[in-house]
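Letter by letter, the chains look like this.
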Amino acid sequence: MPDRFREHRSKLSSQIGSDAAALVPASTETIRNDDVTHEFRQNSEFFYLTGFHEPEAVALLVPGHPDGDYHLFVRPRDRNEEIWNGYRVGKEGAKERFQADQSYEITELDTMLAQLLLGRERLFYRSGNGHDRRVQTLLEKSRNYHKRTGKVLPSTIVDLAPVLGEMRLRKTAAEIESLRAACSLSAEGHREAMRFAHPELAEYQVQAAMEYVWREGGSPRNGYPSIVASGPNACILHYVENDRMIEDGDLILIDAACEVDYFSSDITRTFPANGSFTGPQAAIYEVVLTAQKAAISPARPGATIRLMHETSMEVLTEGLVDLGLLPRNVDDSLAMNHYREFFMHGTSHWLGLDVHDAGSYRVEGKPRVLEPGMAFTVEPGVYVDGREEIEFNLHAYDLDEHLEQSFLDPSGAKKRLEEAKEKADKVTHKVPAEFRGIGVRIEDDILITESGHDNLTSFVPREIDEVEALCTQQSWLSRA
Ligand code: GLY
Ligand code: MN
Ligand code: MN
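Now for a description of the structure that goes with this document. (Residues numbered from 1 in each chain as written. Chains lettered and ligands numbered in written order. Predicted model: local features only at pLDDT ≥ 70, side-chain atom pairs only at ≥ 80, totals over all residues. Heavy atoms only, no water.)

### Thoughts on the coordination of the manganese ion (ligand 2)
Coordination of the manganese ion (ligand 2) by the protein is provided by D266 (OD), H349 (NE2), E379 (OE) and E443 (OE), with metal-donor distances spanning 2.0 to 2.2 Å. Metal-centred angles of 51 to 151° between the six donor atoms at the manganese ion (ligand 2) mark the site as irregular. In the primary sequence, the donor residues of the manganese ion (ligand 2) line up as D-x82-H-x29-E-x63-E. Separation of the manganese ion (ligand 2) from the manganese ion (ligand 3) amounts to 3.2 Å, with D266 serving as a shared donor to the pair. Here the residue D266 occupies a position in the loop between β12 (263-264) and β13 (267-272), and E443 occupies one in the loop between β20 (438-441) and β21 (444-448), the gap between them amounting to 177 residues. (Donors = N, O, S within 2.8 Å, 3.2 Å for Na, K, Ca; no water. Tetrahedral: all angles 85-135°; square planar, octahedral: opposite > 155°, others 65-115°. Helix = DSSP H or I, 4+ residues; strand = E, 2+ residues; numbered from the N terminus.)

### Some points on the coordination of the manganese ion (ligand 3)
Of the protein atoms, only D255 (OD), D255 (OD), D266 (OD) and E443 (OE) coordinate the manganese ion (ligand 3), at distances of 2.1 to 2.4 Å. Geometry at the manganese ion (ligand 3) is irregular, judged from its six donor atoms and the angles of 56 to 170° they form at the metal.

### A few points about helix α11 (residues 305-322)
Between the first and last C-alpha of α11 there are 26 Å, a value that for 18 residues agrees with the 26 Å anticipated at 1.5 Å per step. Turning to α11, its buried residues number three or more, namely I305, M308, H309, T311, S312, M313, V315, L316, T317, G319 and L320. Contacts made by the buried residues of α11 are with α10 (279-296), α12 (330-335), β16 (375-378) and β17 (381-384). Looking at the residues trailing α11, positive phi occurs at G324, about 80°. (Expected span 1.5 Å × (residues − 1). Buried < 20%, exposed > 50% of the residue type's maximum accessible area, 1.4 Å probe, protein only. Contact = heavy atoms within 4.5 Å.)

### Side note on the nonpolar core
Within the largest apolar cluster, 59 residues are counted, with the highest numbers of intra-cluster contacts made by I254 and F342. Top contributing element to this core by residue count: α10, with seven residues. Setting aside residues no more than four positions away along its own chain, I254 makes contact with H190, A193, V206, M210, I227, V228, I267, T268, R269 and F271. (Core = buried A, V, L, I, M, F, W, Y, C linked by side-chain atoms within 4.5 Å.)

### Points about the environment of H71
Among the secondary structure elements, H71 is positioned in strand β5 (residues 70-74). Looking at H71, the relative accessible area reads 0%, which means it is buried. When neighbours within four sequence positions are excluded, H71 is seen to be in contact with V58, A59, L60, V62, H65, Q102, Y104 and L116. From its side chain, H71 meets the backbone oxygen of G68 in a polar contact 2.8 Å long. Within the structure, the side chain of H71 is placed 2.7 Å from the side chain of Y104, a separation counted as a polar contact. (Polar contact = N/O pair within 3.5 Å; in protein donor to acceptor, adjacent residues only side chain to side chain.)

### Quick look at the packing of α10 against α11
In the contact formed by α10 and α11, the axes pass within 8 Å of each other and the chain directions differ by 155°. One element, α10, and the other, α11, form an angle in the roughly antiparallel class. For α10 against α11, the interelement crossing comes out right-handed. Contacts between α10 and α11 involve V287, V288, T290, A291, A294 and A295 from the former and M308, T311, S312, V315, L316 and G319 from the latter. Broken down by class, the residue content of the contact of α10 with α11 amounts to eight nonpolar, four polar and no charged. (Axes fitted to C-alpha atoms, helices over the stretch in contact; angles between N-to-C directions. Parallel < 35°, antiparallel > 145°, perpendicular 65-115°, else oblique. Left-handed = near helix turned anticlockwise from the far one by under 90°. Nonpolar A, V, L, I, M, F, W, Y, C, P; charged D, E, K, R; others polar.)

### A word on the sheet that holds strand β4 (residues 58-61)
Read from one edge to the other, the open sheet built from six strands follows the order β6-β5-β4-β1-β7-β8, with strand pairing classed as mixed. Among the strands making up the open sheet, the edge pair consists of β6 (102-105) and β8 (156-158). Each strand of the sheet is rotated relative to its neighbour by a mean of 20°, with strand direction disregarded. In this structure, β5 lies alongside β6, joined through four bridges in parallel fashion. Looking across to β6, one finds that F73 is bridged to Y104. (Pairing = 2+ DSSP bridges.)

### A look at the packing of aromatic side chains
Counted under the stated rule, the structure contains nine aromatic pairs. Here F47 and Y262 contribute two aromatic rings whose centre-to-centre distance is 3.6 Å and whose plane-to-plane angle is 15°, an arrangement assigned as stacked. Taken together, the residues span a long stretch of sequence, with F47 in helix α2 (residues 44-50) and Y262 in the loop between β11 (259-260) and β12 at a distance of 215 residues. The same class applies to F47 as to Y262, namely buried. Feature note: the residues F5, F47 and Y262 constitute an aromatic cluster, connected by ring pairs. Above the face of the F459 ring, R191 is positioned so that its terminal group lies 4.2 Å from the ring centre. For the cation-ring pair, R221 lies above Y262, with the distance from its terminal atom to the ring centre recorded as 4.7 Å. (Phe/Tyr/Trp six-rings, centres within 6.5 Å; stacked < 30°, edge-to-face > 60°. Lys NZ or Arg CZ within 6 Å of the ring centre and 35° of its normal.)

### Thoughts on the pattern of salt bridges
Where side chains of opposite charge bring their charged atoms close, a pairing between them can arise. Counting across every chain of the model gives 30 salt bridges. Between R387 and D385 there is a salt bridge, with the nearest N and O atoms lying 3.1 Å from each other. Overall, the relative accessible area of 31% leaves D385 in the partly exposed class. Taking the shortest distance from any N to any O, the salt bridge between E419 and K415 comes out at 3.7 Å. (Salt bridge = Lys/Arg side-chain N within 4 Å of Asp/Glu carboxyl O.)

### What to know about the packing of helix α8 (residues 173-196) against helix α9 (residues 203-216)
Contact geometry of α8 with α9 gives a least axis separation of 8 Å together with a crossing angle of 145°. Read as a crossing pair, α8 and α9 show a hand that is right-handed. In this structure, α8 contributes L185, S186, E188, G189, H190, E192, A193 and F196 to the contact, and α9 contributes Q205, V206, A209, M210, V213 and W214. The residue makeup of the contact of α8 with α9, split by class, is eight nonpolar, four polar and two charged.

Have a look at this one:
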């Protein structure tokens, strides 16, 4: 593992150049209550460059510095702290175990910062992660220092996020191995959940069986809080209570995955609690599955995830029209964004150290062209909540344009859209009763390869007959 971090540091050093430096902080612990902290998980940018797992550290990358490029500031060894709260690597360990060229106690940061940055014009730093005041002070010092001595300290702050985003988008062979491992183990957990789930269990009991497989298989933590949503809860996109009793006839939507080497998978499957889809459940499921397969099929170098979203949106809309869930034809439903009553999220996001991984989706305004080593999810869904009827506005609008305006002026964009919808003609459409309360999402993790793509999570079945067959298998965990 250490080699991978060295490789990342050396790549970043060559990208930022020898007139610059990068300051990258670790995460800090947050209090849950009294002296108890929330589970700590290292900041992914910091981890990507250091592999260092402790809080409150700072990495300073100073390309071409005579004392070495890589300077690591860490918490001091402290017998009392270590007895109460755990082992600390300390200054010596930072060099010996984490390959820092120079290491310091974190309390030395302010003193050392100006010395190490002398002669550098630019500092790469992501604002908003706990060190803004320190960086601000440095800029003030820089101005005065230059005025009095003519010598240079950084006077320009450059956002580090897009630079690291470009790097993290392209996974190396070693990283792909970790991502594959996270996907395989996450898939094992989903398979066990399908076997284990049963009406009259609580959602969290199914969660426990799945997460047991991950911990037993060597994953220390989940990539994000598990969503185990039975029945109508499947229509809540980020449902995490997981405390409902599963009923006979429910679908169970599980969106969950574990981490391996800090890489996260991201899998969703939807399956029947009693092992058999009802007719209406199967009808919705087939629409989502057809959309997902159609969206994945063009994935190869040169394609875009925008194309995948458009494909899934179109196929889903065709299915929704066929099932009588939308009042107008496919073209109108797309132009008027009616499908968003049932499919209101994107189809894909980058995947890596973070479940919603770093990297921009557009390059110079155009959808990013996919390259080998890029990884992302494909996750269409249909969510029919309990409404008996829906009032649709007969108003065509450009959703991308609306979303773009919403970034700059959220309340203004919302108001303009609401006013336009208010003026539009309306049609009230009855939601067929048999579909109410059904939520289905199917999500796989796709890696772009030289010749096409690899579905890293295909080990979890998604065809209806294969899902039903697995659901009826016996779990190897006891179910008292
Ligand atoms: N698990 C979060 C997502 O699917 O984006
Ligand atoms: Mn996802
Ligand atoms: Mn997911």
